[in-house]
Amino acid sequence: MPSKVTTPNAKVITMSKSLNESLTSTSPPISAASSIKEPIARQSPSGDAKPGSTFAHQDSLPKLPIQELHDTCRKYLDAVRPLQTPREHQETKAAVREFLKTDGPELHERLKKYASSKSSYIEQFWYDSYLNYDNPVVLNLNPFFLLEDDPTPARNNQVTRAASLVISALSFVRALRREELPPDKLRGSPLCMDQYPRIFSTARIPTENGCEMHSDSSARHIVVMCHSQFYWFDVLDDNSDIIMTEKDLAQNFQAIVEDAQTTPMQEAAKSALGVLSTENRRIWAHLRHVLTSDSNNVECLRIVDTALFILCLDSTSPKTGSELSMNMLCGTNVVEKGVQVGTCTNRWYDKLQIIVCKNGSAGINFEHTGVDGHTVLRMASDVYTDTILRFARTINGNAPTMWASASPDPSKRDPASFGDVCTTPHRLEWTMVPEVSLALRFAETRLADLIQQNEFEVLEFEGYGKNFITSMGFSPDAFVQMAFQAAYYGLYGRVECTYEPAMTKIFLHGRTEAIRTVSDESVEFVRKFCENSPAREKLEALKKACVKHVALTKECAKGLGQDRHLYALFCVWQRGLDEQSQSVFGTEGSNNGVSTDGYGSPPTDSPLEASLPMEGRSRSFSDTSSISGSTRDYTQKPQQSIPSIFSDPAWDKINNTILSTSNCGNPSLRLFGFGPTSGDGFGIGYIIKADSISISISSKHRQTKRFVDTLQSYLLEVRHMLRATQRRATNSGSRAREAEQNKETADAAAMLSALGRTKSRSGRALGTLRPQLRPNMINSDDGNSVTSKEESDGEGGMLGGYGYFDSGSVRHLLNQEAHRKQAEQAAGLSKRAVGRKLRLAEY
């Protein structure tokens, strides 16, 4: 058994004291967020490094603003209007008016009072929403990054790629701990760096009252998983200097792979404790309690929880984008002779995981509570860049480096200078008590079911990317967002609630705000695009929709959206209600200020930078940091009286995300994605590169492949329309070209007129027109969107043969149906049921 790993500097994210106490306290309270603000050892760097540069701007960052309540409500109405019928919207407007007259102003004032002593008014509520999520984090919360392959062929195998990535990751850890990591900036403005210490040596720990986040500033070891077995060894000394060379790491990893292979797959499955991290959080909390009844298991759990990160060495070599996405997000489900041998058990989802496949493909799966995608992306891109620069320095010693200072060469150090470290891999041997052994089998079965309920498709579109989109005058992100809208509308004939996160790290402890993509302009665009409208009208509608999306994005990035403010108001009301209940019924069974079930509603949006849970009719986890007004305020109204804005159906509609999307990536990533956030929705992670667009889409078997095909057809169709428009602009000054077009049009019109005279004859004449005069090419350069197969890149339309809607406008169809029914009623026609009517239960 390895020596004990102590954690003298461990920090725990726990619930702060009552927010009611916070409001009356004379000194600023220490929130859960502040307890994780400093989970690193701040050391003085040596040499010419700049100490303290990483967090140099923290004190100058502004706080996230709380906008006026009327502005928030107005934006909320704008967001829900496109998702409602006129009657539904009128009811929502009435609910908002009532809210502004009754509960709203009081809740708003209480929120402002609470926020006055906090770094961010949303921070505590944000952590609560994640830490009290009861469902498995795999496929529900944790996102993934798939790195591009290493450009050096020698590293494109498992052991060498893993060693290279680990060395670069440790260099990042060292720079962060020594505060030498340059701070993030956006157009010259500094961004909050508060999240970075929570990337490494942090674990999500389930408890009976919700989860906690534990961070250890003294961590110096990593844990390696191979064939579902656990190994560990030290990689840093007490000064956070790297104590192993890349060659040393490769030797350790090779030894681990060979040792893991000696364990029969049946025996490995029986001790695959990582699968327990995929369980329901309450079940996992109980099983951890059972495990800790044995002192050996306590030590094993401590080693895993305090590790810098988990390195997962997988035994498979996925090749396609969808296979790689699945492996990085949830692992593979492969059963042989009744034993799970897939990679789904070779994981520990409560921590940052670096995953390396047998063929060298590598990715990252990360616990999302304390960090957003932008933060982990910076780490991933720096790590990937460093692997390339280290190879460059083997060619030219003067090649640049990512870091302000470097660790002394381990091969040239006196071993005594490393201190009390253990660089030899040790295997963790768990004590398998009967209850855990049985639970392990059932957990694996449930995990396999969960994986089978989801599907993954990838579109690596190489037709164009950021360069082409910007050259046509569009915002790349807005352009791709409208592609999602058009593809969904093309398949289903309706718009649905869509979510995209906007980063708010220009503020202290900033996270994200929710961009609600669906707008009046986007609805007009998708309807126009799916009609037989001229191409110029479609592109004009697309331009207006993109301009609107850009405006929404800018507002949200300034912290002026509506979602976070409304959610904070909901939490203020809800926790006041919880405290009222405690004052009326006493504290018996209240779990120290927690709601009676101890758990809350799950987040309803993207696992990556998702919006928060906002179900107005369900009580979420209420910790001891509650906001409360006087008891007298609430005893004057019914205890279950929900503010009108939260009891209105629009609140549920806008928080049931069908298209959960997120744009996160750069050239270091091949793909990025996450699971769907609702049973009838899609999870869409995308990366807009210079000349390509990578999109990873997941759903619970909702025609994901067809959605991908429709999306690709749309992207090709829009490219054709943009090119045609550009050609028309180029040729508009040529009189010869104009005369030629007029002659072609006249000839085609005459030919169509001649065809029209034979219309009474049945059948369709075989095409005898010259190719340039075929009817589906008429006016193709004059704005008509119907184009020849040759001109439309061969995509055949968004629905591959169906057209968009073959009969034209959906609104036209609906109007015609209404007119038909009116005519039938006027004529006194009636419908007679034929046969026996079946009740719903008989189907």
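Residues numbered from 1 in each chain as written. Predicted model: local features only at pLDDT ≥ 70, side-chain atom pairs only at ≥ 80, totals over all residues. Heavy atoms only, no water.

Enquirer: Would you take a moment to explain the pairing of strand S6 (residues 210-216) for this structure?
Expert: The side chains of a regular strand alternate between both faces of the sheet. Taking burial as the measure, the seven residues of S6 include five buried ones, the bulk of the element. Across six bridges, strand S5 (residues 202-207) lies against S6 in antiparallel orientation. Within S6, the position partnered with Thr207 by the bridge is Gly210. (Buried < 20%, exposed > 50% of the residue type's maximum accessible area, 1.4 Å probe, protein only. Helix = DSSP H or I, 4+ residues; strand = E, 2+ residues; numbered from the N terminus. Pairing = 2+ DSSP bridges.)

Enquirer: Would you mind going over the packing of aromatic side chains with me for this structure?
Expert: Two measures describe an aromatic ring pair: the distance that separates the ring centres and the angle between the ring planes. For the coordinates displayed, the defined rule picks out 30 aromatic pairs. Residues Tyr488 and Tyr492 carry aromatic rings whose centres are separated by 4.6 Å and whose planes lie at 35° to one another, so their mutual orientation is tilted. In this pair, Tyr488 and Tyr492 are both assigned in helix H15 (residues 476-492), four residues apart and thus about one turn of the helix distant. Assessed through its relative accessible area of 22%, Tyr492 is described here as partly exposed. Members of the aromatic cluster, joined through ring pairs, are Tyr76, Phe99, Tyr567, Phe570, Trp573, Phe646 and Trp651. A cation over a ring is seen here: Arg288 above Trp284, with NZ or CZ 5.6 Å from the ring centre. (Phe/Tyr/Trp six-rings, centres within 6.5 Å; stacked < 30°, edge-to-face > 60°. Lys NZ or Arg CZ within 6 Å of the ring centre and 35° of its normal.)

Enquirer: Would you mind going over helix H2 (residues 69-80) with me for this structure?
Expert: The first and last C-alpha atoms of H2 sit 17 Å apart over twelve residues, in line with the 16 Å expected at 1.5 Å per residue. Buried within H2 are the following residues: Leu69, Thr72, Cys73, Lys75, Tyr76, Leu77, Ala79 and Val80. (Expected span 1.5 Å × (residues − 1).)

Enquirer: Mind showing me how you'd approach the sheet that holds strand S19 (residues 669-673) here?
Expert: Paired through their backbone hydrogen bonds, the strands of a sheet run either parallel or antiparallel. Strand order in the open sheet made by the eight strands is S14-S8-S7-S9-S12-S13-S2-S19, with mixed pairing throughout. Edge positions in the sheet fall to strand S14 (426-427) and S19, since each has one partner strand and no second. Of the strand pairs in this sheet, strand S7 (residues 221-226) and strand S8 (residues 229-234) are connected by six bridges, and their pairing is antiparallel. Each residue of the ladder has a partner; that of Ile222, found in S8, is Phe233. Against the sheet, helix H6 (residues 158-177) contacts strand S2 (144-147), S7, strand S9 (310-313), strand S12 (353-356) and strand S13 (362-365), and its axis sits at roughly 155° relative to S12. Strands S7, S8 and S9 of the sheet are contacted by helix H10 (residues 295-306), whose axis makes an angle of about 105° with S7. (Contact = heavy atoms within 4.5 Å. Axes fitted to C-alpha atoms, helices over the stretch in contact; angles between N-to-C directions.)

Enquirer: Explanation requested: helix H11 (residues 321-329) in the structure shown.
Expert: Every α-helical turn comprises 3.6 residues, leaving residues that sit three or four positions apart pointing alike. Within H11, the full set of buried residues consists of Gly321, Leu324, Ser325, Asn327, Met328 and Leu329. Where H11 terminates, the next one or two residues include Gly331, which has phi positive at roughly 80°.

Enquirer: Just checking my understanding: could you explain the side chain of Asn140 for this structure?
Expert: By the secondary structure assignment, Asn140 is in the loop between helix H5 (123-131) and S2. Using a relative accessible area of 19% as the deciding quantity, one classes Asn140 as buried. A polar contact is formed between the side chain of Asn140 and the backbone oxygen of Pro136, at a distance of 2.7 Å. (Polar contact = N/O pair within 3.5 Å; in protein donor to acceptor, adjacent residues only side chain to side chain.)

Enquirer: Mind showing me how you'd approach the sheet that holds strand S15 (residues 455-461) here?
Expert: Spatial strand order, S15-S21-S20-S18-S16-S17: six strands in an open sheet with mixed pairing. Each end of this open sheet is capped by a strand with a single partner; those strands are S15 and strand S17 (512-516). Each strand axis lies, on average, 20° off the axis of its neighbour in the sheet, ignoring direction. In terms of strand pairing, strand S18 (residues 659-663) meets strand S20 (residues 682-688) through five bridges, oriented parallel.

Enquirer: Sorry if this is basic, but what is going on with the packing of helix H9 (residues 281-291) against helix H13 (residues 434-452) here?
Expert: Geometry of a packed helix pair, given as the angle between the helix axes and the separation of the axes. It is at 9 Å that the axes of H9 and H13 come closest, and there the two elements cross at 150°. Of the two possible hands of crossing, H9 and H13 adopt the one that is left-handed. Contacts between H9 and H13 involve His286, Leu287, Val290 and Leu291 from the first element and Glu435, Val436 and Ala439 from the second. Residues that form the contact of H9 with H13 fall into these classes: five nonpolar, one polar and one charged. (Left-handed = near helix turned anticlockwise from the far one by under 90°. Nonpolar A, V, L, I, M, F, W, Y, C, P; charged D, E, K, R; others polar.)

Enquirer: Hey, could you run me through the nonpolar core in this one?
Expert: One broad rule of soluble globular proteins: the nonpolar side chains tend to lie buried together. Tyr76, Phe479, Phe525, Leu542, Ile695 and Tyr714 are the most contacted members of the largest nonpolar core, which has 82 residues in total. Here this core gets eleven residues from one element, more than from any other, and that element is H15. Counting residues in each nonpolar core, the second largest holds 60 residues, with Val159, Leu176, Ile199 and Met379 among its members. (Core = buried A, V, L, I, M, F, W, Y, C linked by side-chain atoms within 4.5 Å.)

Enquirer: Before we go on, may I ask you to explain the pattern of salt bridges in this structure?
Expert: If charged atoms from side chains of opposite charge come close, those side chains can pair. Per the counting criterion, the structure on display carries 37 salt bridges. For Arg155, the salt bridge is made with Asp150, and the minimal N-O distance between the two is 3.5 Å. Considered together, Arg155 and Asp150 belong to a single accessibility category, that of buried residues. A salt bridge links Asp184 to Lys505; its shortest N-O distance comes to 3.8 Å. You can see Asp184 sitting in the loop between H6 and strand S3 (185-186) and its partner Lys505 sitting in the loop between strand S16 (498-503) and S17, a full 321 residues away along the chain. Owing to a relative accessible area of 8%, Asp184 belongs among the buried residues under this scheme. Put simply, Asp150, Arg155, Glu246, Asp386 and Arg390 are held in one network by salt bridges that share partners. (Salt bridge = Lys/Arg side-chain N within 4 Å of Asp/Glu carboxyl O.)

Enquirer: Where do I start with the confidence of the model for the chain in this structure?
Expert: The predicted coordinates ought not to be read in detail in places where the model reports low pLDDT. The predicted model of the chain has a mean per-residue pLDDT of 81, with 73% of residues at 70 or higher. Note on residues 587-639: pLDDT under 50 across the span, and 190 contacts to partners over four residues away in sequence or across chains. When the criterion is pLDDT under 50, residues 754-761 qualifies, and its contacts beyond four places in sequence or with other chains add up to zero contacts. (pLDDT = per-residue confidence, 0-100.)

Enquirer: Just checking my understanding: could you explain the environment of Cys226 for this structure?
Expert: Along the chain, the position of Cys226 falls in strand S7. Residue Cys226 is classed as buried on the basis of its relative accessible area, which comes to 3%. Remark: the alpha-carbon pair of Cys226 and Gln261, spanning 35 residues in sequence, is separated by 8.5 Å. Aside from chain neighbours lying at most four places away, what touches Cys226 is Ile256, Val257, Ala260, Leu313 and Asn346.

Enquirer: I tried to follow the packing of H2 against helix H3 (residues 86-101) on my own but got confused; where do I start?
Expert: Where H2 meets H3, the closest approach of the two axes is 11 Å, and the angle between their N-to-C directions is 165°. Viewed along their axes, H2 and H3 adopt a mutual orientation that is roughly antiparallel. Considering the relative orientation of H2 and H3, their crossing is right-handed. Residues Leu69, His70, Cys73, Tyr76, Leu77 and Val80 of H2 form the contact with H3, whose participating residues are His89, Thr92, Lys93, Val96, Phe99 and Leu100. Class assignment for the residues of the contact of H2 with H3 results in eight nonpolar, three polar and one charged. (Parallel < 35°, antiparallel > 145°, perpendicular 65-115°, else oblique.)

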